[in-house]
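# Per-entry structural report
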Amino acid sequence: MTDATRFPIAPAGGGPRVIMTTMKNEGPFLLEWIAHNLTIGFSGFVIFTNDCVDGTDLMAQRLDELGFCSHRPNPRDGSPPQHKALRRSAFHPWIQQADWLMSLDVDEFINLRGGLETLDELIGRVGDCDAISFTWKLFGCGGVEAYEDAPVTRQFLMADHEDHPSNGRASGFKTMFRNNGIFDRFNPHRPKIMQQDKTGAVRWSDCGGNLHPMDQVGWRAWPGFSHRYARLHHYSVRSIESFLVKRDRGRTNHIAHDQSEAYWADMNVNHTRDDSILPHADRARPMLEALLADPVLADLHGRACDWHRTKIQELKARPEWTDFRRWLHENSLETRPRSTQQN
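Residues numbered from 1 in each chain as written. Predicted model: local features only at pLDDT ≥ 70, side-chain atom pairs only at ≥ 80, totals over all residues. Heavy atoms only, no water.

Per the secondary structure count, the protein chain includes 11 helices and 14 strands. Taken over the C-alpha trace, the protein chain has a radius of gyration of 19 Å; the compact-globule value for 343 residues is 20 Å, and the two agree within 12%. Oriented by its inertia axes, the alpha-carbon framework of the protein chain measures out at about 55 × 50 × 40 Å. Across the 343 residues in the protein chain, those meeting the buried criterion constitute 55%. Sequence-distant contacts in the protein chain: of pairs separated by 6 or more residues, those separated by 24 or more amount to 78%. When the accessible surface of the protein chain is summed, it comes to about 14,300 Å², and 48% of that surface belongs to carbon and sulfur atoms. (Helix = DSSP H or I, 4+ residues; strand = E, 2+ residues; numbered from the N terminus. Rg over C-alpha atoms; globule rule 2.2 N^0.38 Å. Buried < 20%, exposed > 50% of the residue type's maximum accessible area, 1.4 Å probe, protein only. Contact = heavy atoms within 4.5 Å. Areas by Shrake-Rupley, 256 points an atom, 1.4 Å probe, with all protein chains shown as cover.)

Pasting the structure below:
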């Protein structure tokens, strides 16, 4: 059996819908994210990895060998890794040849709604446009403290309110856009145009098919933004233990900013249960199982999970993080005022 025939979704070697992403030490979570995105209709991934020690880069390289992704090392040089990767991605052949592009992180999952199962169906409902923005829905840890090697979309089901975001971060979005020559610059949230006089011709849509003037588009949802056909689930904290690893790793853009109490207070939102992504998780299960059946990926995934567990124990043993861990535990479901318990 060839590599192409042993997967429910065959590798495309790029294809019409390509994700650009950066990663560092995300090995335990990579394969679920790949399976989910392939299942809803993305066809390729250009993955930039920087200074990984858990084997994420080796997993990306194996996915490269299989034809699902193109892996590019992106070593840290003092500049924000994500912005550097996006600049480099413009010259990548998969990016240049794709019909649609999107910058998406491994903790972000598109949840198609209204019975839609594929991006083609979404594009058909939204209508002819140049860009579609997907607003975040923040998912908190839901009181989960321990790391578990299990799909993120099944573990974390407590989220923000549907229409009343908890804070300014919660209304951020990511954008899928046509690679039709209109846009000449990418950033993590949206494409841009250097010549501002051309923005009037851009057809920019929300997830309900409502167009919005590009010169009024920032990186957050505008008033009246529709989530009718899709929402972007953002699992930015995961479990308490995994958040320790995330804090130790540092942020992809604001590399000098600590992911401490303020970040947790904004992103650990647990107001209402939302299990609407589970049908997509069920549909992605065969692809995830097939990826894990690859002996190389299975070994690398297991090693990444072991590294993650070992790192958690190391961080929990740091005396200077004791108060921080106590604060996370006390604020696992609802964040309290941060007056006397700051790290």
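This next bit is on the state of the cysteines. With the rule as written, the count across this model stands at zero disulfides. Distance from the sulfur of Cys69, which forms no disulfide, to the nearest cysteine sulfur (Cys52) is 12 Å. Not engaged in a disulfide, the cysteine Cys207 finds its nearest cysteine sulfur in Cys129; these two sulfurs lie 9.6 Å apart. Among the residues examined, Cys207 registers a relative accessible area of 0% and is labelled buried. (Disulfide = S-S within 2.5 Å.)

For the rest of this paragraph, the subject is the pairing of strand 13 (residues 230-234). Along strand 13, five of the five residues are buried, which leaves the element largely enclosed by surrounding structure. Neither face of strand 13 is open: one carries Ala230, Leu232 and His234, the other Arg231 and His233, and all of them are buried. Of the pairings in the sheet, the one linking strand 5 (residues 108-112) to strand 13 comprises five bridges and is antiparallel in character. Residue pairing for strand 13: Glu108 is matched across the bridge by His234. Here strand 6 (residues 131-138) runs beside strand 13; their pairing, made up of three bridges, is parallel. Each residue of the ladder has a partner; that of Leu138, found in strand 13, is His234. (Pairing = 2+ DSSP bridges.)

With burial as the criterion, each face of strand 4 (residues 100-103) is covered, one bearing Trp100 and Met102 and the other bearing Leu101 and Ser103. As paired elements, strand 1 (residues 17-23) and strand 4 share four bridges and run parallel to each other. Residue Arg17 lies in a different strand from strand 4, and its bridge partner there is Trp100. Summarising the sheet, strand 4 and strand 8 (residues 173-178) pair through three bridges and their orientation is antiparallel. Residue Trp100 lies in a different strand from strand 8, and its bridge partner there is Arg178.

So, about helix 2 (residues 56-66). Every buried residue of helix 2 is listed here: Thr56, Met59, Ala60, Arg62, Leu63 and Leu66. Across the axial projection of helix 2, the buried residues extend over an arc of 160 degrees, all falling on one side. On its buried face, helix 2 is in contact with strand 1, helix 1 (27-40), strand 2 (44-49), strand 3 (69-73), helix 9 (278-293) and helix 10 (295-316). Looking one or two places after helix 2, you find Gly67, whose phi comes out positive at around 95 degrees. (Arc of directions from axis to C-beta.)

Here the focus is the environment of His36. Following the sequence through the fold, His36 ends up in helix 1. Taking the C-alpha atoms as reference points, His36 and Met176, separated by 140 residues in sequence, lie 16 Å from one another.

This paragraph deals with the packing of aromatic side chains. To describe a pair of aromatic rings, you give the distance between the ring centres and the angle between the ring planes. Following the criterion strictly, the structure yields 16 aromatic pairs and no others. Ring centres 6.1 Å apart and planes at 75 degrees place the aromatic pair Phe173 and Trp222 in the edge-to-face group. Here Phe173 is found in strand 8, whereas its partner Trp222 is found in the loop between strand 12 (211-212) and strand 13, with 49 residues between them in sequence. With respect to burial, Phe173 and Trp222 carry one shared label: buried. Site record: aromatic cluster; members linked through ring pairs are Phe243, Tyr263, Trp264, Trp321 and Phe324. In this structure, Arg238 is placed above the aromatic ring of Phe29, and the distance from its NZ or CZ to the ring centre is 3.7 Å. The ring of Trp321 has Arg318 lying over it, and the distance from NZ or CZ to the ring centre is 5.4 Å. (Phe/Tyr/Trp six-rings, centres within 6.5 Å; stacked < 30°, edge-to-face > 60°. Lys NZ or Arg CZ within 6 Å of the ring centre and 35° of its normal.)

Going through the model one piece at a time under the given rule, you end up with 29 salt bridges. A salt bridge links Glu65 to Arg62, with the nearest nitrogen and oxygen atoms 3.1 Å apart. Note that Glu65 and Arg62 are positioned in helix 2 at a spacing of three residues, about one turn of the helix. With a relative accessible area of 14%, Arg62 lands in the buried category. Between Asp275 and Arg273 there is a salt bridge, with the nearest N and O atoms lying 3.8 Å from each other. Residues participating in the shared-partner salt-bridge network are Arg113, Lys137, Glu162, Arg231 and Asp274. (Salt bridge = Lys/Arg side-chain N within 4 Å of Asp/Glu carboxyl O.)

Once that is clear, we can look at the side chain of Asn268. In this fold, Asn268 is placed in the loop between helix 8 (261-267) and strand 14 (272-273). Accessibility expressed as a relative area gives 4% for Asn268, which makes it buried. Within the structure, Asn268 has its side chain in polar contact with the backbone nitrogen of Cys141 (distance 2.8 Å). At 3.1 Å, the side chain of Asn268 and the backbone oxygen of Asn331 are in polar contact. Dropping the residues within four chain positions of it, Asn268 is found in contact with Gly140, Cys141, Gly142, Val237, Asn331, Ser332 and Leu333. (Polar contact = N/O pair within 3.5 Å; in protein donor to acceptor, adjacent residues only side chain to side chain.)

Geometric values such as these leave the question of function open.
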